[in-house]
Amino acid sequence: CGSAFLWASACAPASAAARRDASPFQELAVLAASLIASTCSASAEPEGEAEPQRNVEKPRRLGGCPNTCYGDSCQYWLQLDYGYECTQLESEWGCDCADCPACDGDDDSDRGGDGGDDGTTESCPSTCSGQTCEYWDTLYGIRDGTCDWSGVGGYKATFGELDTYCDCTGCSCDGFPPTSLPTSSPVPSMSPSTSRPTTTALPSPLPTPTPTKPKLKASNFDELLAAVASNARIELVGDIEVPYGGLVITGQTNLRIFSDNNATFVPMPGVTTTLLSLFAGAQVAFEGVDFEGGGSHVYSAGNGGCVLVSASELTIERGRLTECSAGGGVGGGIAAEEGSHVTMSDVLIERSSARLGGGVYAGGGSKLVMTSVVLDACESSTNGAGVTVEDAGSSLIMHSSAFKSCTVHGVHVANGDTEAYGGGLALVWASATLADTSFSYCWASRGGAIYMASASLELSRLTVHGNGEYDMYNSASDYLCTAISDAGHYTECSHVMTGLGLTIPCYANCASEASACEAGTSTEGVEDATSLDACRACSAGSVAGSGASWCETCVRGTYASDDVFDADGYGVITKASSCVDCPAGYYSPTDASVACSVCTAGTYSLSGASSCTLCPPGKHSGTASYQCVNCEAGKSTAVAGSSICLPCEAGRASNESATSCTVCEPGRFSRQSGPECIACDAGTFASTNETRNECKKCAESEDYGSTFTSTTGATRCNLCVADWYWNSESCEPCPEGTECDQDGSTLSSLPVAQGWYRFTKYSTRVYPCMGGETACTGGQNVSTELCGAAYTDTLCSRCAEGFHMNTLTSTCEDCDDVNFTASIILLIVLVVIVFVGAILSRTKYSDWIRLVDFGKIRVLYTTSTILRAVPTVVNVKFPEPARTWFAALDLSYLSPFEVVSGECINRSLGSFDTAVTVQYIALVAVCVLNWLVFIFCITYRPARKLHPYSQAMSVFLGIMYLFYPTLTLMGTRALHCTTYDDGEITLLTYDNSIDCESERYLAFRRLNFLYIAITQMIPIGFLLVLYRARHLLHPPSERSPEAQLRARQKREQGHELKPLVFLFTHYKLEWPWCYFEVFESYRRAGLISFVQVIHQDALVRGFAGILIASLSATIYDKGRPFINQSTNNLAALCSQIVMFTYCGALLIRLGFGDNVVGGTIIMAANFGVIPISMYMHVVDRRVRAKREAKLRSLYAKLQICQEKDKKKFELAWNGYVKHARETGNEAVVGQLKANLAALEASVGDDIIPNLAHPASLAKNVDALMQVASDNNDMLHSVIKSMIEAVNGLYSQGPLKLKQRVLEKTRSDYKGNFLQVIDIVRASAVFHTLVDFNRAVLALQASGGVATIVRSKDRVFKPLDSGYRDVLLNITVQGCDMVIELQLHLKDVIAVKSEAHRIYDFLRTLGW
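Residues numbered from 1 in each chain as written. Predicted model: local features only at pLDDT ≥ 70, side-chain atom pairs only at ≥ 80, totals over all residues. Heavy atoms only, no water.

A. Region of interest: the overall build of the chain. Along the chain, the regular secondary structure elements total 29 helices and 70 strands. Within the chain, buried positions represent 48% of all 1407 residues. At a minimum sequence separation of 6, the contacts of the chain that also span at least 24 residues come to 63%. Summed over all atoms, the accessible surface of the chain reaches about 66,100 Å², with 55% contributed by carbon and sulfur. (Helix = DSSP H or I, 4+ residues; strand = E, 2+ residues; numbered from the N terminus. Buried < 20%, exposed > 50% of the residue type's maximum accessible area, 1.4 Å probe, protein only. Contact = heavy atoms within 4.5 Å. Areas by Shrake-Rupley, 256 points an atom, 1.4 Å probe, with all protein chains shown as cover.)

Below, the structure is given as structure tokens:
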């Protein structure tokens, strides 16, 4: 059976213990022995306790036992050495073992049963590709007792119990890793079926060991150590850096470590160590794992560069060991000691070195099994650069492997030689079996390939090439073996040693060398080449070189010749020495040719051809051609093997090597055959669906027409003529603002004219630049690329940084330049006019102010604010000079940003939303400052509280009045957005840099609504303050309108009306005209602001402005709200001018009058109102001057009358004083004066300024009048009796009319009717001062019947007219109502009746 150890291993009996301890090497040895020799039939007793022989197997599932116990059969669990019986599996685990043969009571079946001599169960059928499942399991399986081959061996399941092709019922599978794939029968493929039944959980607690082995992943050394400790199946998912000491595994069995991506064991940087060490019976299998850079350390005593195996088992599949070094030790790659077993398959060991066994070392009875192993560039210093096997009991089985460039460097001896043994393999006291193994370029001084010393060697199909010195050296013989595979030589030496399939000429005492057979002969078929006759001539078509061992048949494409330089295609029949390639243009279709055949026309061949190749379409050739020639341009051939090319038809053309003449490409044509088609001229085309022997003209085509043209070589009319552009589907007229003066304009390349703006290259419309003609440079650019250097933002509407808008020139200018805007110029002109007017008037400032008609100025100011908004409302730019005039009207808005550009102050102030917010903040700041000044004044100047309040309120209301239109305009401008490009873009009309759909605008819009709400409260505030002062504005009166007006003008000087004067002073007295300013404010807001947001269409907004202006003109003309009639006329005229301006703006927008003439007419109409208003003022001033002159004359005459009456009053008083002196009552004058002074001191007018009826007397005027009526007679009777008792003449006055009471309540007492204390009134007339004085004393000493509650001495403090009396307010016992009593002197009152007529006249005129 081969070597002794193989035979012993294969034929050794196995006890149960032996089966459990069986190593992978022992099992593989059994297989190897059976493959090399035959199956052993005898058995021997092992040392130790004997046990009946059974099959060598590990626990497994057996055929016939169903998988009813946690995914496996009961027999599977019985084989796992838990010590369980079937009854325990059923009772404790709940398994169903009824159908399991292992549980049927047969003692031999409880662990699997006995098998046949061939190692298979008797019931295992040959149903798997002609063999039993156990046969394949034996060849390719693993040691898990299953038939699925999915474990450590690394061969994925391809057949087994689940395979539809293989029925493994009744089989008892066992096996170990295969050494090669089967050759006798194909491996069947597998189509998985349903999975095996499992239960949800294993019984708890589980016995140990655990039934299944977990699978863990390791990406570093620590994770690997933990996984090894758990005895798990370990998958390496990354390279493992090994620390000093390496991975040491002691005693652990059945450990599998694998990687799907060839993870590598490498030492940590700077560490020299053996990477893996196995001790004390460890069993480890590696699959797809590499080892690199290992070096021996203390554990190995210098042995094992990458791997050390001591008394353990190691399996490596699909691995690589690179640059491993044991230094002065043994086993550069792997060192196996102390009876270890190492199995390798598909392994590369390269660039590894040691003293012995640069690649692998086995000693101390260790076993090596190597399949498909390559040892490349390994080195040693003494023996076995590739593999060294030494010591009795050590062995090597190796097949399908190779030794390459392995070198033994050797040691120097005393005589100067170098001793180096076994360049590839060194065997010392060991045995080896080699099959299908090669040695190439290995070197040693003894045995370049193999060195043997007291060793046994079995060889089969060995290849040796290029090895140094002797291929084999046997130190136990007195002969050297050279030229192990030098067949093709012959020698007369009679000492020949033969091996299995190998002739080894060995020389003992032969002095001659082998001789080579001559060229053309070989030793093929001769076993012992002992003479020249052994060199036999090669047959026809076969060749042999010098020293050939066999004749080689010339293959197809060559022919046999005796001249290696033969090139004519004809050779020799016998003794050919070389196979020569057929020359180009010739071929040999069969092997063993002695001559080549010529290629026919239409074909060609290269040197060494076995057949002639047809020329491909587009090429042609003649006889014996070595290549095919391209068809020239204008010709073609469509079939292979053509000898000629055909010319193209008219209308077609071809390039060189054409397979066919193609129809001219669209856009090209051909009238005759030729090498190419001609491109259509510009303006013509050739489409894809027409014969292209001519081109059509675009203008004459029904599909296109006169608006289309084309470029040279066009397939269609793809260009538009001048003034048209291509819009993806058709030619469209170029829009206004573009310059399509050349053919070929497209939507994306529309040339924009100067002064126009285009948003994107897809925009079908262009728009006038908001910054004017100089703002946009024109060209094929879009967006802000069109803007000039001084302009930026959308529509080039804003000045660039460092520039500002000059409203006079409507251009952006450098902020550093001093420029005057139109508004500033207008402001300067107005200041000059006022200043010059003041000088020319030669009057005081106050007198000059009286010359100014502020009512007309109000109308002009209001009109200017309305006119300024017209271009914005209609969205039009007036032509010059109207444009400059309207720019100057920016001054009317009183906004600093309308007069001075905020962009030069701060860039952000040029943004509309920022400017609005800043103006609101500034306005609030001014108002707050105004009221802070007021608070300061009343705090530190308390004596003037009324005057500061009046001033502060006046300033506050004036600010609101002046800034209301500006704030309203800005608020509504913020709501007005304009859409462009059919709604794709929406921008704020007044500031095109703001996108109306942006978050910035939406946030500002929300804030702006608050601004608008606050602003529109200003007119409502005007209404409230006016209504609160209504009793002073229009109290009920029967006086003439002029008298009422003069009375109101006097009241205007009071602290209540003075702050409100500008709100009503120019309007009529009666309701509702005194509130007309509220209407006027909203009228301005409507024409300035509201009309801008009523509709998106500018034309609609323009007509709305015309309507509002027309209604305004009607109101001024018919309603006449102003006191001054010329002011009404001016207001109506201004409204008509607004109408005219709106009409002009609409006409310009529609394309009429957009020129200097139109601009001049509009400016003349607007500017003309100024001289007209001045003329009206002059005329009105003259009329008023004449009227006032007449009134002054009348007033002077009345003054003269009043002076005469005053003298009469004085004369009458002096008469009473004289009479008292003449009658001896001179002292009464002093007494009367003292009595009246006493009354003044207690109840004088200064002491009780605001006398009123008790609040309990009446709740309203009607109730008060009723009290007066009810008590009138009683009150008069009491006072009358007292007056008549002192010789007085009592006169009862009538009750004051209710209308008069209401008038006084509103005009004099702020609505407090209880202060009207003269409803009940009377007078008493006396003839002497004595009676007058007695009456005063009587009323003072009435005993409570009558009480004087207020006194006013006008006897000694006469009125300006000279009239003297005493005015008393009295209450009578039993009634709280206050009555009025006047005490008169008869002669004085006689004069009063005449003077009162003059007083009534002056009062009526308001004087």
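B. Spotlight on the packing of helix H10 (residues 854–874) against helix H21 (residues 1098–1119). Where H10 meets H21, the axes come as close as 8 Å, and the angle between the chain directions of the two elements is 150 degrees. One finds that H10 runs roughly antiparallel with respect to H21. Residue-level contacts link Thr872, Val873 and Val874 of H10 to Ala1098, Arg1101 and Gly1102 of H21. In terms of residue class, the contact of H10 with H21 is built from three nonpolar, two polar and one charged. (Axes fitted to C-alpha atoms, helices over the stretch in contact; angles between N-to-C directions. Parallel < 35°, antiparallel > 145°, perpendicular 65-115°, else oblique. Nonpolar A, V, L, I, M, F, W, Y, C, P; charged D, E, K, R; others polar.)

C. Structural detail: the packing of aromatic side chains. Tallied over the entire structure, the rule returns 23 aromatic pairs. Arranged with centres 5.5 Å apart and planes meeting at 75 degrees, the rings of Phe1209 and Tyr1363 form a pair that is edge-to-face. Separated by 154 residues along the polypeptide, Phe1209 in helix H24 (residues 1169–1222) and Tyr1363 in the loop between strand E68 (1346–1353) and strand E69 (1366–1372) bring together distant segments of the chain. The aromatic ring of Phe258 is capped on one face by Arg256, whose charged end is 4.0 Å from the ring centroid. One Lys or Arg, Arg1084, reaches over the ring of Tyr961 and ends 4.9 Å from the middle of that ring. (Phe/Tyr/Trp six-rings, centres within 6.5 Å; stacked < 30°, edge-to-face > 60°. Lys NZ or Arg CZ within 6 Å of the ring centre and 35° of its normal.)

D. Highlighting the state of the cysteines. For the structure on display, the rule yields 18 disulfides. In this model Cys680 forms its disulfide with Cys695; the gap between the sulfur atoms is 1.9 Å. Handedness of the Cys680-Cys695 disulfide follows from its S-S torsion of about -75 degrees: it is left-handed. With Cys680 in the loop between strand E51 (678–679) and strand E52 (684–685) and Cys695 in the loop between E52 and strand E53 (696–697), this pair connects stretches of sequence that are 15 residues apart. According to the relative accessible area criterion, Cys680 is buried, its value standing at 0%. Across a sulfur-sulfur distance of 2.0 Å, Cys799 and Cys812 are joined as a disulfide pair. Handedness of the Cys799-Cys812 disulfide follows from its S-S torsion of about -85 degrees: it is left-handed. Of this pair, Cys799 sits in strand E61 (residues 798–799) while Cys812 sits in strand E63 (residues 811–814), and the two are 13 residues apart along the sequence. Just as Cys799 is buried, Cys812 falls in that class too. As a non-bridged cysteine, Cys378 has Cys406 as the owner of its nearest cysteine sulfur, 4.7 Å distant. Judged by relative accessible area, which is 0%, Cys378 ranks as buried. (Disulfide = S-S within 2.5 Å.)

E. Region of the structure containing the sheet that holds strand E21 (residues 407–408). Here three strands make up an open sheet; going across it, the order is E14-E17-E21 and the pairing parallel. Single-partner strands in this sheet number two, and they are strand E14 (353–356) and E21. Judged from the three bridges that link them, E14 and strand E17 (residues 379–383) form a sheet pairing that is parallel. Across the sheet, Ser353 pairs through a bridge with Glu379, a residue of E17. (Pairing = 2+ DSSP bridges.)

F. Molecular detail of the nonpolar core. Formed by 68 residues in total, the largest nonpolar core has its most connected members in Phe265, Phe291, Leu375 and Leu434. Phe291 has contacts with Thr264, Phe265, Leu275, Leu276, Phe286, Cys306, Val307, Ile316, Arg320, Leu321, Thr322 and Cys324, leaving out every residue within four places of it along the chain. In this structure, Phe1209, Val1229, Leu1275 and Val1316 belong to the second largest nonpolar core, which totals 56 residues. (Core = buried A, V, L, I, M, F, W, Y, C linked by side-chain atoms within 4.5 Å.)

G. Structural view of the sheet that holds strand E66 (residues 1289–1292). Strand order in the open sheet formed by five strands is E66-E67-E70-E69-E68, and the pairing between neighbours is mixed. Strand pairing shows two members of the sheet lacking a second neighbour, E66 and E68, which therefore form its edges. Strand after strand, the sheet turns through a mean of 25 degrees between neighbouring axes, direction not considered. Both E66 and strand E67 (residues 1321–1326) contribute to a ladder of four bridges, which runs antiparallel. Opposite Tyr1290, over in E67, you have Ala1324 as the bridge partner. Relative to the sheet, helix H25 (residues 1227–1243) contacts E68 and E69, its axis offset from that of E68 by approximately 105 degrees. Contacts between helix H26 (residues 1261–1284) and the sheet are confined to E66, E67, E68, E69 and strand E70 (1375–1385), with E70 contributing the most and set at about 45 degrees to the helix.

H. Just the environment of Leu1289, in detail. For Leu1289, the location among the structural elements is in strand E66. Between the C-alpha atoms of Leu1289 and His1327, which are 38 residues apart in sequence, the distance is 9.0 Å. For Leu1289, the residues in contact, after removing those within four places along its chain, are Ile1283, Ser1323, Ala1324 and Val1325.

I. Region of interest: a nonpolar patch on the surface. Taken together, the side chains of Val924, Val928, Leu929, Leu932, Val933 and Ile935 make up a nonpolar region of the molecular surface, amounting to roughly 530 Å² of accessible area. Secondary-structure assignment places Val933 in helix H13 (residues 912–940). (Patch = residues over 30% accessible without salt bridge, like charges linked within 9 Å, V, L, I, M, F, W, Y side chains within 5 Å. Salt bridge = Lys/Arg side-chain N within 4 Å of Asp/Glu carboxyl O.)

J. Inspection of the pairing of strand E16 (residues 367–376) at higher detail. Across the ten residues of E16, seven count as buried, placing the element largely inside the fold. Sheet analysis places strand E13 (residues 341–350) next to E16, joined by nine bridges and oriented parallel. The residue bridging Ser345 from the neighbouring strand is Thr371, located in E16. Here E16 pairs with strand E19 (residues 395–399) via five bridges, running parallel. Residue Val369 lies in a different strand from E19, and its bridge partner there is Ile397. Where E16 meets strand E20 (residues 402–404), three bridges bridge the pair, whose relative direction is parallel. When the bridges of E20 are listed, Asp376 appears paired with Lys404.

K. Examining the confidence of the model for the chain more closely. Averaged over every residue, the pLDDT of the chain is 76; the share at 70 or more is 76%. Here residues 1–63 scores under 50 on pLDDT; set against residues more than four positions off or in separate chains, the count is 121 contacts. In this model residues 174–212 is a low-confidence stretch, pLDDT under 50, and it forms 97 contacts with partners more than four residues away in sequence or in other chains. (pLDDT = per-residue confidence, 0-100.)

L. View of the environment of Val928. By secondary structure assignment, the location of Val928 is in helix H13. For Val928 and Phe956, which are 28 residues apart along the polypeptide, the C-alpha to C-alpha distance reads 9.3 Å.

M. Highlighting the pattern of salt bridges. For the coordinates displayed, the defined rule picks out 23 salt bridges. Notably, a salt bridge pairs Asp290 with Arg320, separated by 3.5 Å at the nearest N-O pair. You can see Asp290 sitting in strand E9 (residues 290–292) and its partner Arg320 sitting in strand E11 (residues 313–322), a full 30 residues away along the chain. In this structure Arg320 comes out as partly exposed when scored by relative accessible area, which is 24%. Each of Asp290, Arg320, Glu323, Glu350 and Arg351 takes part in salt bridges that share partners, so that together they form one network.

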